[in-house]
Amino acid sequence: MKTQAYSIPTGVNILGEKHFDYASVRVRTDGIVQVNSKEDFVYTIEETVEVHKAINELTDEKMMLVLHVPGRYTSIDEETRRFIASKHGLRFTIAQAFVIGSMAQRIIANFFMKVNKPARPTRFFTSQGEAEKWLKAVRHK
């Protein structure tokens, strides 16, 4: 299983990064933390907590914008959905955006928004560029 291809806008650099077997976390100079996940992976709370710890360490627990770029068929379990919607799970998150690429992810996204009701602004996109544009607009509000 491969990790989703990583791309950043021109002129943006990486300040710090951490890699796992299932994901890569990168802090970018534009104030976005980007998490790319591998294909066909189901996140449990253990992996989710590891990723959150990495984000908090790399950012010194500063409030950040978070961009999730999962593999096309990557998913999350129920406990993970609750955590990434909670005030505790989002305590260092200004807003989070997800780039989704499959119908299954779209269904989970709709369920997540209606049932889990994230404590911070959260949106789902089909393109990374649109997700980045929205995150930057949220920061400037």
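Note that the coordinates shown come from a computational prediction; the quantities given were computed from them, not determined experimentally.

Within the largest apolar cluster, 23 residues are counted, with the highest numbers of intra-cluster contacts made by Tyr22, Val25, Val35, Tyr43, Val51 and Ile55. With four residues, helix α1 (residues 45–58) is the largest single contributor of residues to this core. If we ignore the near neighbours within four places in the chain, the residues touching Val25 are Gly16, Glu17, Lys18, Phe20, Val33, Gln34, Val35, Val51, Ala54, Ile55 and Leu58. Core analysis: the next-biggest nonpolar cluster, separate from the first, contains 12 residues, Leu67, Val69, Ala95 and Ala131 among them.

Tallied over the full model, the rule gives two cavities of 30 Å³ or more. For the largest cavity, the calculated volume is near 330 Å³. Tyr43, Pro70, Ile76, Ile84 and Phe98 are, among the 21 residues lining the largest cavity, the residues nearest its centre. Sorting the residues of the lining of the largest cavity by element identifies β3 (32–37), α1, β5 (64–69), β6 (75–76), α2 (78–85) and α3 (103–116) as the ones contributing at least two each. A class-by-class count of the residues in the lining of the largest cavity yields 13 nonpolar, eight polar and no charged. Counted as a void, the second largest cavity has a volume near 100 Å³. Residue lining of the second largest cavity: His52, Ile55, Asn56, Val66, His68, His88, Gly89, Leu90, Arg91, Phe92, Thr93 and Gln96, and that is the complete set. If you list the elements that add at least two residues to the lining of the second largest cavity, you get α1, β5 and β7 (93–99). When residues of the lining of the second largest cavity are assigned to their parent elements, the largest contribution, three residues, is made by α1.

Criteria and cut-off values
- Residues numbered from 1 in each chain as written.
- Predicted model: local features only at pLDDT ≥ 70, side-chain atom pairs only at ≥ 80, totals over all residues.
- Heavy atoms only, no water.
- Core = buried A, V, L, I, M, F, W, Y, C linked by side-chain atoms within 4.5 Å.
- Buried < 20%, exposed > 50% of the residue type's maximum accessible area, 1.4 Å probe, protein only.
- Helix = DSSP H or I, 4+ residues; strand = E, 2+ residues; numbered from the N terminus.
- Contact = heavy atoms within 4.5 Å.
- 1 Å grid on protein atoms, 1.4 Å probe; cavity = no way out; pocket = protein on both sides within 12 Å on 5 of 7 lines; lining within 4 Å.
- Points joined across faces, edges and corners; volume = space filled by probe spheres on them.
- Nonpolar A, V, L, I, M, F, W, Y, C, P; charged D, E, K, R; others polar.

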